[in-house]
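Each chain is listed here by its residues.
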Amino acid sequence: MLTIENAPDAAKAGLQTAQINNGFLPNLVRLLANAPTALETYQTVSAINVRSGLSLAEREVVQITAATTHGCGFCVAGHTAIAYKKAGLSEAVVEALRDSRKVPDDRLNAVADFTRAVIANRGAVSDAETAAFRAAGFADANALEVVLGVSLATLCNFANNLGQPPLNDELRPYAWTNASAAAAE
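Residues numbered from 1 in each chain as written. Predicted model: local features only at pLDDT ≥ 70, side-chain atom pairs only at ≥ 80, totals over all residues. Heavy atoms only, no water.

Q: Sorry if this is basic, but what is going on with the overall build of the chain here?
A: Along the chain, the regular secondary structure elements total 10 helices and zero strands. When the helices and strands of the chain are read in sequence order from the N terminus, they spell out α-α-α-α-α-α-α-α-α-α. Against the globule reference of 16 Å for 185 residues, the chain gives a C-alpha radius of gyration of 16 Å, in line with a compact fold. For the chain, the spread of C-alpha atoms along the principal axes amounts to about 50 × 35 × 30 Å. Sequence separation of at least 24 residues holds for 65% of the intrachain contacts in the chain that already meet a minimum separation of 6. On the chain, roughly 9100 Å² of surface is accessible, and the fraction owed to carbon and sulfur atoms is 54%. One finds the centroid of the 14 positive side-chain charges in the chain at a distance of 2 Å from the centroid of its 18 negative side-chain charges. (Helix = DSSP H or I, 4+ residues; strand = E, 2+ residues; numbered from the N terminus. Rg over C-alpha atoms; globule rule 2.2 N^0.38 Å. Contact = heavy atoms within 4.5 Å. Areas by Shrake-Rupley, 256 points an atom, 1.4 Å probe, with all protein chains shown as cover. Lys, Arg positive; Asp, Glu negative; His and termini not counted. Charge placed at Lys NZ, Arg CZ, Asp CG, Glu CD.)

Q: Just checking my understanding: could you explain unusual backbone geometry for this structure?
A: Keep in mind that most residues, glycine aside, have a negative phi and that most peptide bonds are trans. Phi angles above zero are rare outside glycine, and Ser-100 is one such case at about 55°. Position of Ser-100 among the secondary structure elements: in the loop between α6 (91–98) and α7 (106–120). By relative accessible area, which is 43% here, Ser-100 ends up partly exposed. Positioned with a positive phi, Gln-164 is a non-glycine residue whose angle comes to about 50°. Position of Gln-164 among the secondary structure elements: in the loop between α9 (140–163) and α10 (179–184). (Buried < 20%, exposed > 50% of the residue type's maximum accessible area, 1.4 Å probe, protein only.)

Q: How should the packing of helix α4 (residues 56–70) against α7 be read in this particular structure?
A: Packed helix pairs are characterised by how far apart their axes lie and by the angle those axes make with each other. Between α4 and α7, whose axes approach to 9 Å, the crossing angle comes to 40°. Classified by the angle their axes make, α4 and α7 are oblique. In this structure, α4 meets α7 at a crossing whose hand is right-handed. Contacts between α4 and α7 involve Ala-57, Glu-58, Val-61, Val-62, Thr-65, Ala-66, Thr-69 and His-70 on the former and, on the latter, Arg-107, Leu-108, Val-111, Ala-112, Thr-115, Arg-116 and Ile-119. (Axes fitted to C-alpha atoms, helices over the stretch in contact; angles between N-to-C directions. Parallel < 35°, antiparallel > 145°, perpendicular 65-115°, else oblique. Left-handed = near helix turned anticlockwise from the far one by under 90°.)

Q: What should I look at first to understand the packing of aromatic side chains in this one?
A: Ring pairs (aromatic) are described by centroid distance and by the angle formed between their planes. Summed over the entire model, instances satisfying the criterion amount to three aromatic pairs. When the ring of Phe-114 is compared with that of Phe-133, the centres are 4.2 Å apart and the planes differ by 15°; the resulting orientation is stacked. Linking Phe-114 in helix α7 with Phe-133 in helix α8 (residues 127–135), this pair joins segments that are 19 residues apart in sequence. Look at Phe-114 and you get buried, because its relative accessible area is 4%. Taking the centre distance of 4.4 Å and the plane angle of 5° together, the rings of Phe-133 and Phe-138 count as stacked. (Phe/Tyr/Trp six-rings, centres within 6.5 Å; stacked < 30°, edge-to-face > 60°.)

Q: What exactly am I supposed to notice about the packing of α4 against helix α5 (residues 73–85) here?
A: Remark: α4 packs on α5, axes separated minimally by 9 Å, with the N-to-C direction vectors making an angle of 160°. Here α5 runs roughly antiparallel to α4, going by the angle between their axes. Every pair of crossing elements has a handedness; the one defined by α4 and α5 is left-handed. Contacts from Leu-56, Glu-60, Gln-63, Ile-64, Ala-67 and Thr-68 of α4 reach α5 at Cys-75, Val-76, His-79, Thr-80, Ile-82 and Ala-83. Classifying every residue of the contact of α4 with α5 by side-chain character gives seven nonpolar, four polar and one charged. (Nonpolar A, V, L, I, M, F, W, Y, C, P; charged D, E, K, R; others polar.)

Q: What is the right way to read the side chain of Gln-63 from this model?
A: In this structure, Gln-63 sits in helix α4. Once you skip the residues sitting within four places of it in the chain, Gln-63 turns out to touch Asn-49, His-79, Gly-149, Leu-152 and Ala-153.

Q: I keep staring at α6 and nothing clicks. Help me out?
A: Residues spaced three or four apart along an α-helix face the same direction, because each turn holds 3.6 residues. Buried residues of α6: Val-93, Val-94, Ala-96, Leu-97 and Arg-98, and no others. Residues of α6 that are buried make contact with α4, α5 and α7. Within two residues after α6, Ser-100 carries a phi angle of roughly 55°, on the positive side.

Q: Sorry, what's going on with the nonpolar core here?
A: One broad rule of soluble globular proteins: the nonpolar side chains tend to lie buried together. Leu-15, Leu-39 and Leu-171 are the most contacted members of the largest nonpolar core, which totals 30 residues. Elements represented by at least two residues in this core include exactly α1 (9–22), α2 (27–32), α3 (36–50), α5 and α9. When sequence neighbours within four positions are dropped, the list of residues in contact with Leu-39 reads Ala-11, Gly-14, Leu-15, Val-29, Leu-32 and Ala-33. Residues Val-61, Val-94, Phe-133 and Ala-143 belong to the second largest nonpolar core, which totals 28 residues. (Core = buried A, V, L, I, M, F, W, Y, C linked by side-chain atoms within 4.5 Å.)

Below is the structure:
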């Protein structure tokens, strides 16, 4: 895995920023540094996603839902840590998301359902799915912000699934196993 010292020059600043922001260098970021433009895209889209009209809790619902749907254990662990430490989500909500079950909060459940619909239908969600999302108090802009979050998640989830970086020690308490993939083997 790349370090700040041996990374391509174009990735060094991004790695340094990630180290400062996280207090450690996530192995996802080290993986993305192999393609400096991928790291730049991840960091740029992450910064844009933060500015969306979705709350931190809602953005984390998108990230965990996408990660479980895409089978990315690294991202499930990373976003579980954020969900608990920064977004203040309850264990009942987080465990439901990690298990792809109904979330015990109607608004957050609407985000999870809409996120799954966006992924399953490649954005072509039904009128009923869009109406259910709106009925939970979301606007059309929020629907597009879910797509934004899914795009960010897809980059990270697919990069992790491709590169298989080991889980950082800091994320081990939040480790996740894709039960549905394990059952299929």
